[in-house]
Amino acid sequence: MAVMELRNVVKKYHLADGNDFTALKGINAQFEAGEMVAIVGESGSGKSTLMNAIGGLDSDFTGEILYHGHNLAQFSQQELVDYHKKSIGFIFQNFNLIAHLNLVDNVAMAMTLSNVDEKTRVARAEQLLTKVGLGDHMYKKPDQISGGQKQRVAIARALVNDPDVIIADEPTGALDAETTGVILALIKEIATEGKLVLMVTHSDRVAAFCDRELRIENGKLLATTPTSSPATTPAVGRLEKVANMSLAKAIRLAFLNMKAKFGRNFLVALGSSIGIMAVILMLALGKGVTTYVSSTMKSYTNPNITEVHKQAGNQQKAMQNPQQMDRAEIAKQQQANIAAMTGASGGGFTDKDIARLKKIKHVDRYQLGYSAFSMGNNAVTYHGKRASVLMLQTMSDNIAKSTIVKGHAPHRGEVVLDKGTADLLGKDIVGKQVTFDLKVGTKNLTKTMTVAGLYEAQTQSVSTMIVSYDEVAKLYSETGQTLEPNVIYLHTANKDNTKQIKNKVKKLGYTGSMQEQMTEMFTQMLNVITWVLTAIAAISLVVSAIMILVVLNISVVERTKEIGVLKALGARRKDIRRIFAAEAFLIGLFAGILGVAFTYGLSLGINRFAHSAFDITLVMLTPKYVMTGIILSVVISMIAGILPANRASKLDPVEALRKE
Ligand code: ADP
């Protein structure tokens with residue numbers, strides 16, 4: 001029964017000028033199992049065209065090519081792929097081995113594409129390589145063996161999936177006479193084992209070696225040996241189904257190729273890792289600085305306390321719409337601000353304010369407070385030494401215990417001074433009496449108090465005195481005034497609620513502490529700067545993407561022939577696409593990891609310097625940023641890989657194989 005039958009096969013090439021060129025003009029033939037048939041003809045007579053059609057590489061013909069009775073022209077994509085993998089073995093004139101794979105991997109390729117496990121694959125490849133006499137060279141690369149040996153590898157590769165039909169296109173064309181003999185003997189052996197061998201040649205010596213000769217001229221067959229009468233062959237059995245390559249195997253193939261081009265891929269990954277590094281370094285730097293700013297500000301305060309101030313006059317309006325206020329109004333506002341800050345007037349909380357604040361959810365108690373800036377009026381004297389005191393503040397729970405570095409919190413008649421000012425006045429001042437000249441409200445007053453303790457100022461060089469709220473109230477009443485609290489401290493049992501309370505306070509129209517407002521402004525500015533710098537750094541990612549796109553495109557061009565071979569061996573479009581996508585993925589992954597490693601290295605250096613110079617951690621490389629870097633890199637690389645991967649998958653195998 002005929003393995004292959006050709007009935008009136010006509011192939012037309014569509015030319016650019018709109019005309020058709022008929023390369024095969026009605027070919028009829030039958031081929032049996034175990035036959036070795038020579039297809040002989042001049043160059044340009046149509047031999048390759050015919051082999052491409054029989055080999056399922058070109059389905060654009062009319063007529064019928066029946067493989068065990070099944071018409072190739074009606075094969076689905078998957079059936080064609082299975083046909084390549086299982087039914088057909090190709091041997092090419094130029095061997096077409098894949099340069100970066102060793103002989104075993106080259107031979108086993110059709111099995112890899114059929115998802116056969118490694119052990120079976122390697123065993124089969126080793127068996128065939130031994131059979132063709134290459135038992136000692138199995139793990140060499142193609143460029144380490146001679147032409148004749150390469151063709152033996154190609155023969156082993158064609159046999160790996162035990163196909164019925166071997167198509168050999170001038171298999172001895174590139175070999176010397178002696179080697180030709182050996183290769184022909186090998187091919188002959190294949191036929192005797194029961195396979196159909198179709199061999200294109202224009203050498204009469206080679207043709208004479210075959211059982212039968214088909215001469216083709218100008219697209220027509222000249223019957224040199226009688227062909228059996230074209231009886232109708234019934235379709236037998238079902239076509240064999242073969243498994244498809246898994247993603248893991250595609251990644252392995254991609255990996256092997258990348259290893260072969262390690263230098264180039266490394267440079268590309270290095271290039272794009274710099275972009276990734278720039279991006280995550282900016283993010284980590286931003287995080288480090290912001291964290292530093294807010295943690296220094298916070299470390300001096302009690303996390304359970306919300307400090308509330310009242311905005312003087314129209315400050316909010318002034319901040320929101322400065323252009324809508326005239327100069328007189330602005331001046332008035334400034335006066336109000338100064339008065340409030342110095343405690344002369346304004347900024348005081350009314351009972352209504354207190355009632356509103358008290359009602360905020362999670363607030364379990366509150367504390368009244370008072371703070372005022374002195375514009376040079378307040379001073380402290382001790383044994384003839386005098387120092388200005390810029391800030392008068394009441395003792396509150398907000399002053400964390402750790403900030404009182406010596407002594408204790410102030411009671412009646414006592415004061416806590418900042419350490420700087422205390423040092424100015426003299427050693428061991430705790431427990432001693434000092435004299436203050438104070439401006440209380442609008443009145444001046446001289447007062448003697450005992451230094452109860454020392455306080456480490458959170459921001460340097462602000463001389464501060466801390467007294468109890470009752471003490472300030474007393475000072476006010478001594479000068480015939482009444483004290484209005486201008487700070488309220490809201491206490492919550494659980495510090496996780498503090499944030500919520502702070503937000504509510506703002507919503508009600510009050511403000512937080514001065515440091516808080518500054519921190520907020522600072523953090524906002526830092527965030528903007530971080531994002532701007534990150535965006536600038538991200539531009540380099542576009543460059544990386546283009547670079548990866550170019551390199552993968554070059555890779556597709558370089559490997560056109562390899563892609564042709566893979567398709568002839570039964571690679572689906574999807575497999576080819578996956579191999580290239582996997583390469584893009586691997587470049588991206590590598591670039592991402594490299595970028596993160598660089599950032600880590602840099603952060604060690606920068607932080608070391610920052611620690612010794614300012615005692616801070618400047619770069620905070622969190623796991624989130626590490627993941628962002630790697631994922632970003634992979635995504636960009638894969639996006640850049642889409643076009644080349646698609647291009648590779650769409651290559652026409654016939655054209656790809658013909659490429660020089
Ligand atoms: P052979 O293998 O016998 O040398 P081919 O099968 O390659 O011949 O080509 C047969 C004829 O078809 C030649 O005249 C060739 O120029 C033409 N041909 C082959 N491929 C194409 C193509 N893609 N487009 C147009 N004409 C083609």
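Residues numbered from 1 in each chain as written. Predicted model: local features only at pLDDT ≥ 70, side-chain atom pairs only at ≥ 80, totals over all residues. Heavy atoms only, no water.

Basically, it comes down to this: UniProt positions are given in the numbering used here, feature names are shortened, and annotations may be inferred rather than shown by experiment.
The protein chain appears in an unreviewed UniProt entry as ABC transporter ATP-binding protein from Ligilactobacillus saerimneri 30a. In UniProt, the protein chain has this text filed under Subcellular location (unreviewed entry): "Cell inner membrane".

### A short note on the overall build of the protein chain
Put simply, the rule is: Counting from the N terminus, the helices are the DSSP runs of H or I reaching at least four residues and the strands are the DSSP runs of E reaching at least two. Between the two quantities, the radius of gyration covers C-alpha atoms and the globule rule is 2.2 Å times the number of residues to the power 0.38. The classification of residues rests on relative accessible area computed with a 1.4 Å probe and restricted to protein chains. Under 20% of the type maximum is buried, over 50% is exposed, and intermediate values are partly exposed. What makes two residues a contact is simply this: any of their non-hydrogen atoms within 4.5 Å. Shrake-Rupley sampling with a 1.4 Å probe provides the accessible areas, and residues are treated as covered by the protein chains on show and by no other component. Positive charges are assigned to Lys and Arg, negative charges to Asp and Glu, while His and the chain termini are left out of the count. Note on charges: their place is set at NZ of Lys, CZ of Arg, CG of Asp or CD of Glu.
Within the protein chain, the regular secondary structure consists of 21 helices and 22 strands. Computed over C-alpha atoms, the radius of gyration of the protein chain comes to 44 Å, more than 25% over the 26 Å expected from 2.2 N^0.38 for 660 residues, which places it beyond the range of a compact globule. Seen through its principal axes, the protein chain has C-alpha atoms that stretch 135 × 50 × 40 Å. Taking all 660 residues of the protein chain together, 50% fall into the buried category. If you take every contact in the protein chain between residues at least 6 apart in sequence, the share linking residues at least 24 apart comes to 79%. For the protein chain, the exposed area adds up to about 31,300 Å²; of that, 57% sits on carbon and sulfur atoms. Here the protein chain carries 73 positive and 58 negative side-chain charges, and the mean point of each set is 9 Å from the other.

### Notes on the packing of aromatic side chains
Let me state the cut-off plainly: The criterion for an aromatic pair is that two Phe, Tyr or Trp rings (for Trp, the six-membered ring) have centres within 6.5 Å, with stacked assigned to planes under 30 degrees apart, edge-to-face to planes over 60 apart and tilted to the rest.
On inspection of all chains with the given rule, the structure shows 8 aromatic pairs. Between F262 and F266, the ring centres sit 5.8 Å apart and the planes meet at 25°, which makes this aromatic pair stacked. Placement of the pair is F262 and F266 together in helix α10 (residues 262-299), with a separation of 4 residues, close to one helical turn. For F266, a relative accessible area of 29% gives the class partly exposed. Residues F266 and F590 carry aromatic rings whose centres are separated by 6.0 Å and whose planes lie at 50° to one another, so their mutual orientation is tilted.

### A few points about unusual backbone geometry
In this structure, H362 is a non-glycine residue whose phi angle is positive, near 75°. Note that H362 resides in the loop between α13 (351-358) and β12 (365-369).

### What about the site of the ligand?
Quick note on the threshold: Neighbouring residues are identified by heavy atoms, a residue being near a molecule or strand if any of them is within 4 Å of it. Residues adjacent in sequence count toward polar contacts only when both atoms are side-chain atoms; beyond that, a polar contact is any pair of N or O atoms within 3.5 Å, and within protein one must be able to donate a hydrogen and the other to accept it.
The environment of the ligand is made up of 13 residues, and the closest members are G44, G46, K47, S48 and T49. At 2.6 Å from an oxygen atom of the ligand is found a side-chain nitrogen or oxygen belonging to S48. One of the side-chain N or O atoms of T49 is found 2.5 Å from an oxygen atom in the ligand. When the free accessible area of the ligand is taken as 550 Å², the share hidden by the protein chains comes to 69%. When residues of the shell around the ligand are traced back to their parent elements, those giving at least two are β2 (20-32) and α1 (47-54). Per-element tally for the shell around the ligand: the top contributor is α1, with 3 residues.

### Observations concerning the environment of A174
Take A174: it is sitting in the loop between β7 (165-169) and α7 (177-192). With a relative accessible area of 42%, A174 lands in the partly exposed category. With 31 residues separating them in the primary sequence, A174 and D143 have C-alpha atoms 15 Å apart. Among residues more than four places away in sequence, those in contact with A174 are Q93, N94 and F95.

### Notes on the sheet that holds β12
Through backbone hydrogen bonds, the strands of a sheet pair up, either in parallel or in antiparallel fashion. Our working definition: Strands are labelled as partners when DSSP assigns at least two bridges between them. Note on geometry: axes are C-alpha line fits, over the in-contact stretch for helices, and angles between N-to-C directions span 0 to 180 degrees.
With antiparallel pairing, the 3 strands of this open sheet are ordered in space as β11-β22-β12. The open sheet has two free edges, formed respectively by β11 (305-309) and β12, since each of these has just one partner strand. Each adjacent strand pair in this sheet contributes to an overall mean axis angle of 25°, direction not counted. By the bridge criterion, 5 bridges tie β12 to strand β22 (residues 487-491) in an arrangement that is antiparallel. Bridging from a neighbouring strand, G369 pairs with V487 of β22. Across the sheet, helix α16 (residues 498-507) is in contact with β11 and β22; its angle to β11 comes to roughly 10°.

### Details of the UniProt feature "transmembrane region" (unreviewed entry) in the protein chain
Here the UniProt-annotated "transmembrane region" (unreviewed entry) positions come out as residues 266-286, 528-557, 578-605 and 625-643. For residues 625-643, the end-to-end C-alpha separation is 28 Å, with 100% helix and 0% strand making up the annotated structure.

### Comments concerning the nonpolar core
This is how the line gets drawn: For our purposes a nonpolar core is just a set of buried Ala, Val, Leu, Ile, Met, Phe, Trp, Tyr and Cys residues, chained together by side-chain atoms within 4.5 Å. The start and end points of each domain follow an automatic or database-based domain assignment.
M4, F31 and I54 are the most contacted members of the largest nonpolar core, which has 121 residues in total. It is helix α19 (residues 573-614) that provides the largest number of residues to this core, a total of 8 residues. Formed jointly, this core draws a minimum of three residues from each of two domains, domain 1 (4-244) and domain 2 (257-294 + 523-658). Counting residues in hydrophobic clusters, the runner-up holds 27 residues, among them Y370, V467, V472 and L475.

### Quick word on a positive patch on the surface
This is how the line gets drawn: Patch membership requires more than 30% relative accessible area and the absence of a salt bridge. Residues of like charge join within 9 Å; the nonpolar side chains Val, Leu, Ile, Met, Phe, Trp and Tyr join within 5 Å. Here, a salt bridge means any side-chain nitrogen of Lys or Arg that lies within 4 Å of a carboxyl oxygen of Asp or Glu.
The grouping of K352, R356, K359, K504 and K507 at the surface amounts to a positive patch. For the positive patch, the secondary structure elements donating two or more residues are α13 and α16. Relative to the assigned elements, K352 resides in helix α13.

### Some points on the sheet that holds strand β5 (residues 70-71)
Here 4 strands make up an open sheet; going across it, the order is β2-β1-β4-β5 and the pairing antiparallel. Both edges of this open sheet fall to β2 and β5, since each of them pairs with a single strand only. Note: strand β1 (residues 2-14) against β2, 10 bridges, orientation antiparallel. Counted as the bridge partner of K12 is T22 from β2.

### Side note on the pattern of salt bridges
Counted according to the given criterion, the structure contains 23 salt bridges. As a salt-bridge pair, D162 and K195 come within 2.5 Å of each other at their nearest N and O atoms. With D162 in the loop between α6 (147-159) and β7 and K195 in the loop between α7 and β8 (196-201), this residue pair connects regions lying 33 residues apart in the sequence. In this structure, the salt-bridge partner of K506 is E520, at a minimum N-O distance of 2.7 Å. Highlighted residues: K506 in helix α16 and E520 in helix α17 (residues 514-558), separated in sequence by 14 residues. Exposure remark for K506: the relative accessible area of 35% places this residue in the partly exposed category.

### Overview of the pairing of strand β16 (residues 391-394)
On β16, burial covers both faces: M391 and Q393 on one face and L392 and T394 on the other are all buried. Pairing of strand β13 (residues 371-373) with β16 involves 3 bridges; the strand directions are antiparallel. Residue pairing for β16: S371 is matched across the bridge by Q393. Judged from the 4 bridges that link them, β16 and strand β21 (residues 464-467) form a sheet pairing that is parallel. Of the residues in β21, the one forming a bridge with M391 is T464.

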